[in-house]
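Remarks on the overall topology
Given next are the chains, with one letter for each unit.
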Amino acid sequence: MSTQWFYDTSTGQVQELEHKGQQKDLLGPYATREEAQQALDTARARTEENERRDREEDDW
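Residues numbered from 1 in each chain as written. Predicted model: local features only at pLDDT ≥ 70, side-chain atom pairs only at ≥ 80, totals over all residues. Heavy atoms only, no water.

1. Quick look at the overall build of the protein
Looking only at helices and strands, the protein has two helices and three strands in total. For the protein, the sequential pattern of α-helices and β-strands runs β-β-β-α-α. In terms of principal-axis extent, the alpha carbons of the protein reach across some 45 × 25 × 15 Å. For the protein, the residues scored as buried account for 18% of the 60 residues in total. Working note: accessible area of the protein is about 4800 Å², and carbon and sulfur atoms make up 44% of it. Once the 8 positive and 15 negative side-chain charges of the protein are each reduced to a mean point, those two points are 2 Å apart. (Helix = DSSP H or I, 4+ residues; strand = E, 2+ residues; numbered from the N terminus. Buried < 20%, exposed > 50% of the residue type's maximum accessible area, 1.4 Å probe, protein only. Areas by Shrake-Rupley, 256 points an atom, 1.4 Å probe, with all protein chains shown as cover. Lys, Arg positive; Asp, Glu negative; His and termini not counted. Charge placed at Lys NZ, Arg CZ, Asp CG, Glu CD.)

Spelled out as structure tokens, the structure:
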């Protein structure tokens, strides 16, 4: 089984599945440590894209 990685928003740390913090503070799972390290950037980009789509839908 491959390791799953999580980004803990309360600590700013990347954690493995076996050592993860409270569920409410986690982003993930991610397949790699590097993906987990980029979790906030990924979430920000997805939010911006969703907001852009919402604006476009409102304009039709």
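More follows now that the structure is in view.
2. What to know about the environment of Trp5
With respect to the helices, strands and loops of the structure, Trp5 is situated in strand E1 (residues 5-8). Note: C-alpha distance between Trp5 and Glu35 (30 residues apart in sequence) is 8.2 Å.

3. Digging into the pattern of salt bridges
Summed over the entire model, instances satisfying the criterion amount to five salt bridges. Here Arg44 makes a salt bridge to Asp41, at a shortest N to O gap of 2.9 Å. Here Asp41 and Arg44 lie together in helix H2 (residues 39-59), a separation of three residues that amounts to about one turn. You can call Arg44 partly exposed: its relative accessible area is 45%. A relative accessible area of 41% means that Asp41 is categorised as partly exposed. A salt bridge links Arg52 to Glu49; the shortest N-O distance between them is 2.4 Å. Taken together, the positions of Arg52 and Glu49, both in helix H2 and three residues apart, correspond to about one turn of that helix. Relative accessible area serves as the criterion here: at 27%, Glu49 is assigned to the partly exposed category. Taken together, the salt bridges that share partners define one network made up of Glu49, Arg52, Arg53 and Glu56. (Salt bridge = Lys/Arg side-chain N within 4 Å of Asp/Glu carboxyl O.)

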